[in-house]
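# Geometric and topological summary
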Amino acid sequence: MIVVEDVHKHFGGFHAVDGASLNIGAGTITGLIGPNGAGKTTLFNVIAGVLPPTSGRVTMQGEDITGLPPHELFHKGLLRTFQIAHEFHSMSCRENLMMVPGGQAGERLWDTWFSRKRIAEEERALRAKADEVLEFLTIEHLADEKAGQVSGGQKKLLELGRTMMVDAKIVFLDEVGAGVNRTLLNTIGDAILKLNRERNYTFVVIEHDMDFIGKICDPVICMAEGKVLAEGSLDEIKANEQVIEAYLGT
Ligand code: ADP
């Protein structure tokens, strides 16, 4: 699905990503682990078009996507989840889902003037889709709650839900488990597995919680000092001496 070839990202003289190469297989849930400062988030941001690489190449299904902006990648089905922006906190969870670009008929001026009826129909369809997503994620009871009022874990589910409003192929999730209680983390894990199995989503997940990684990810890729150290099952990674050294060294 994604091939990363010798990607570098420098901030001044600092090499946050220093020649990383990896493959993300279609249909996998790949875990990206490594000590703090390993360059995982920076690499994510390069792949997802948030940061241009200093050098190197990223391809998606054989097509060069290096440096493409996020909205173009979005249309290709490559999504990186983002925290719900503060401006959206006062909107309901359902409305947050309905706001995802690509689905809003009302934003098209032409339609606004010439086809009010069609807009109403599309809005109903969008609302139905949002409700379906909330149900899939087992948070249908939050449909009318303000997004700013729900818990951290529920917000994460909502972020995941936004990827379901469009036809995502590959979703990048950064620290899904941060500040999330165990029960909700399990719900998030189940939602990821279900999306992977039923909708064929490919995932790349940065996470520090090894139980979570072990439960949903295969393969696991370990980065340290801007490079990929090892790839394999979590057990293989845990037994890898370079990986152990990288973790102990921090
Ligand atoms: P990880 O996600 O593995 O913890 P990051 O990609 O966040 O690692 O960071 C890798 C290194 O790059 C860190 O030392 C961090 O301080 C540095 N870094 C990240 N973003 C920037 C930036 N915009 N400017 C300068 N240094 C940065």
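Residues numbered from 1 in each chain as written. Predicted model: local features only at pLDDT ≥ 70, side-chain atom pairs only at ≥ 80, totals over all residues.

Per an unreviewed UniProt entry, the chain goes by the name ABC transporter ATP-binding protein and belongs to Lacimonas salitolerans.

On to unusual backbone geometry. Put simply, Asp218 and Pro219 share a cis peptide bond, and its omega is 5°. If you trace the backbone, Pro219 turns up in the loop between helix H8 (210-216) and strand S9 (220-224). Here Thr138, not a glycine, exhibits a phi torsion of approximately 60°, which is positive. Mapped onto the fold, Thr138 is located in the loop between helix H5 (116-136) and helix H6 (152-164). (Helix = DSSP H or I, 4+ residues; strand = E, 2+ residues; numbered from the N terminus.)

Here we take up the domain arrangement of the chain. What the domain assignment lists for the chain is domain 1 (1-77 + 167-250) and domain 2 (85-166). Distance between the C-alpha centres of domain 1 and domain 2: 27 Å. Every contact between the two is made by 12 residues of domain 1 and, on the other side, 10 residues of domain 2. Take the side of domain 1 that touches domain 2: its biggest share by element is 5 residues, from helix H7 (residues 182-199). Of the residues contributing to the side of domain 1 that touches domain 2, the split by class is 8 nonpolar, 3 polar and 1 charged. (Domains from an automatic or database assignment. Contact = placed C-beta atoms within 7 Å. Nonpolar A, V, L, I, M, F, W, Y, C, P; charged D, E, K, R; others polar.)

Taking strand neighbours across the sheet as the criterion, the 6 strands line up as S6-S7-S8-S3-S9-S10 in an open arrangement whose pairing is mixed. The two strands at the open ends of the sheet, each matched to only one other strand, are strand S6 (78-80) and strand S10 (227-232). On average, adjacent strands in this sheet sit at an angle of 20° to one another, irrespective of strand direction. (Pairing = 2+ DSSP bridges. Axes fitted to C-alpha atoms, helices over the stretch in contact; angles between N-to-C directions.)

This part covers the sheet that holds strand S2 (residues 14-24). The strand order across the open sheet built from 4 strands is S2-S1-S4-S5, with neighbouring strands paired in antiparallel fashion. Pairing within the sheet leaves two strands with one partner each, and these edge strands are S2 and strand S5 (63-64). Of the strand pairs in this sheet, strand S4 (residues 55-60) and S5 are connected by 2 bridges, and their pairing is antiparallel. By the bridge assignment for S5, Met60 is matched with Glu63. Each of strand S1 (2-11), S2 and S4 is contacted by helix H1 (residues 40-47), which is oriented at about 115° to S1, the strand it contacts most.

Burial of strand S7 (residues 170-174) is extensive: 5 of the 5 residues sit out of reach of the surface. Side chains Ile170, Phe172 and Asp174 project from S7 onto one buried face, and the interleaved Val171 and Leu173 project onto a second face that is buried too. Across 3 bridges, the pairing between S6 and S7 is parallel. Across the sheet, residue Arg80 finds its bridge partner in S7, namely Phe172. Chirality of the crossover, the property in question, places the unit of S7, H7 and strand S8 (residues 202-206) among those that are right-handed. (Buried ≥ 20, exposed ≤ 12 C-beta atoms within 10 Å, placed from the backbone. Right-handed = clockwise from strand over helix to strand, strands pointing away.)

This part is about the nonpolar core. Of all hydrophobic cores here, the largest spans 70 residues; its most connected members are Ile47, Val171, Ile188, Phe203, Val205, Cys222 and Met223. With 6 residues, H7 is the largest single contributor of residues to this core. Of the residues that make up this core, three or more belong to each of domain 1 (1-77 + 167-250) and domain 2 (85-166). If we skip the residues at most four places from it in the chain, Met223 touches Ala20, Leu32, Gly34, Ala38, Gly39, Lys40, Val228 and Leu229. (Core = buried A, V, L, I, M, F, W, Y, C linked by C-beta atoms within 7 Å.)

Turning our eyes to something else, we now look at the pairing of S1. Pairing of S1 with S2, which is carried by 8 bridges, proceeds in the antiparallel orientation. Counted as the bridge partner of Val3 is Asn23 from S2. Hairpin connection between S1 and S2: a loop of 2 residues separates the two successive antiparallel strands, and Gly12 in this loop has a positive phi of roughly 60°. Pairing analysis gives 5 bridges linking S1 to S4, with the strands arranged antiparallel. Considered in S4, the bridge of Glu5 is made with Arg57.

What follows is about the packing of H6 against H7. Look at H6 against H7: their axes get within 9 Å of each other, and the N-to-C directions meet at 10°. As the angle between them shows, H6 and H7 are arranged roughly parallel. Here Gly153, Gln154, Lys156, Leu157 and Leu160 of H6 come into contact with H7, specifically with Leu184, Leu185, Thr187, Ile188 and Ala191. Class assignment of the residues belonging to the contact of H6 with H7 gives a composition of 6 nonpolar, 3 polar and 1 charged. (Parallel < 35°, antiparallel > 145°, perpendicular 65-115°, else oblique.)

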